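Geometric and topological summary
Listed below are the residues making up each chain.
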Amino acid sequence: MLSILGTLDEPTSGEILHSSQPVYRLNSKQLADFRFENIGFIFQQFHLIPTLTAFENVMAPLFGRKVSYNKKQRAMELLEMVGLPDKANALPSQLSGGQQQRIAIARALVHEPKWLLADEPTGNLDSETGEIIFQLLHSLNKEKGCGVLFVTHDPKLADRANRKIEMRDGKIVSDTQVSHYA
């Protein structure tokens, strides 16, 4: 589901529309630009580049892109936001799982996407670090207006979302509005 919404995979049927336009009719460059401008990905396995520092991993989506802001300054601001400015020069192998996940989140946010798609963002983390990640995603949604769509198998985490959609065997089995977002 996240791969289809994130335009990484094409649906076998139906269409994904953005501003009433079918996304999959864009050519590959237009699709890459659409993804860059609108979507941030947080992968379950982090997908950090092992030979790049934390700072370079955060900057990676900007390599080869012309942007209106200072790339290095933005990367450092994001490292500070996720509480890891002191790990800027560390390689992924020198970071804990929670630190790697926070670097992955910083990388996903480097171009201020409108939507953040997160695959099990707390699945590989201890409960304390998982709570830090959840609070970070919550604040991005509330303070920056970034839409956050996360997939989880953790019912306690799912119950904290403001909307919960349950799927089984590729079909929606329930769609619940929740009155709180704690």
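Let me sum up the structure you'll find in this document. (Residues numbered from 1 in each chain as written. Predicted model: local features only at pLDDT ≥ 70, side-chain atom pairs only at ≥ 80, totals over all residues. Heavy atoms only, no water.)

1. Section: the overall build of the protein chain
The criterion, for reference: Comment: elements are numbered from the N terminus, with helices defined as DSSP H or I runs of at least four residues and strands as E runs of at least two. As a reference, a globule follows 2.2 Å times the number of residues to the power 0.38, and the radius of gyration itself is taken over C-alpha atoms. The buried label goes to any residue with under 20% of its type's maximum accessible area, the exposed label to any with over 50%, and the partly exposed label to all in between, with areas taken from a 1.4 Å probe on protein chains only.
In terms of regular secondary structure, the protein chain is built from seven helices and seven strands. Reading the secondary structure of the protein chain in the N-to-C direction produces α-β-β-α-β-α-α-α-β-α-β-α-β-β. For the protein chain, whose C-alpha radius of gyration is 17 Å, the value lies close to the compact-globule estimate of 16 Å for 182 residues. In terms of overall dimensions, the protein chain has a C-alpha envelope of 45 × 40 × 30 Å along the principal axes. In the protein chain, which comprises 182 residues, the proportion classed as buried is 43%.

2. Examining the packing of aromatic side chains
To keep it simple, the criterion reads: The criterion for an aromatic pair is that two Phe, Tyr or Trp rings (for Trp, the six-membered ring) have centres within 6.5 Å, with stacked assigned to planes under 30 degrees apart, edge-to-face to planes over 60 apart and tilted to the rest. Placement of a positive charge over a ring is assigned whenever Lys NZ or Arg CZ falls within 6 Å of the ring centre and within 35 degrees of the normal to the ring plane.
A full pass over the atoms with the stated rule returns two aromatic pairs. Pairing F134 with F150 gives two aromatic rings, centres 6.5 Å apart and planes at 90°, and the pair type is edge-to-face. Separated by 16 residues along the polypeptide, F134 in helix α6 (residues 127-144) and F150 in strand β5 (residues 147-151) bring together distant segments of the chain. Here F134 matches F150 in class, with each residue buried. For R74, the ring lying beneath its charged end belongs to Y69, and the centroid distance is 3.7 Å.

3. A word on the nonpolar core
Applied cut-off: The term nonpolar core refers to a set of buried residues drawn from Ala, Val, Leu, Ile, Met, Phe, Trp, Tyr and Cys, joined through side-chain atoms within 4.5 Å. Contacts are residue-level and defined by heavy atoms, with any inter-residue pair within 4.5 Å sufficient.
Ranked by size, the top nonpolar core spans 38 residues in total, and within it V58, I103 and L116 carry the most contacts. Counting residues per element, the ones that place at least two in this core are α3 (54-59), α4 (71-81), α5 (97-109), β4 (115-119), α6 and β5. Looking at this core, the element that brings in the most residues is α5, giving six residues. Discounting chain neighbours no more than four positions away, the residues touching V58 are A75, L78, L79, I103, A106, R107 and V110.

4. Let's talk about the side chain of K164
Stated precisely, the cut-off is as follows: We define a polar contact as two N or O atoms separated by no more than 3.5 Å, with the added condition that, inside protein, one atom must be a possible hydrogen donor and the other a possible acceptor, whereas residues neighbouring each other in sequence contribute only through side-chain atom pairs.
Looking at where K164 falls in the secondary structure, it is placed in strand β6 (residues 163-168). Side-chain polar atoms of K164 contact the side chain of D159, separated by 2.7 Å. When neighbours within four sequence positions are excluded, K164 is seen to be in contact with A158, D159, S174, D175 and T176.

5. Considering the environment of L5
For L5, the position within the fold is in helix α1 (residues 2-5). For L5, a relative accessible area of 31% gives the class partly exposed. Put simply, L5 and S93 are 88 residues apart on the chain and 30 Å apart in space, counted from C-alpha to C-alpha. Discounting chain neighbours no more than four positions away, the residues touching L5 are I16, I39, L117 and L149.

6. Focus: the pattern of salt bridges
How we decide: For salt bridges, the criterion is a side-chain nitrogen of Lys or Arg within 4 Å of an Asp or Glu carboxyl oxygen.
For the coordinates displayed, the defined rule picks out six salt bridges. Across the pair K164 and D159 runs a salt bridge, and its minimum N-O distance is 2.7 Å. Note that D175 is salt-bridged to R163, the shortest N-O span being 2.5 Å. Here the residue D175 occupies a position in strand β7 (residues 171-177), and R163 occupies one in strand β6, the gap between them amounting to twelve residues. Looking at D175, the relative accessible area reads 42%, which means it is partly exposed.

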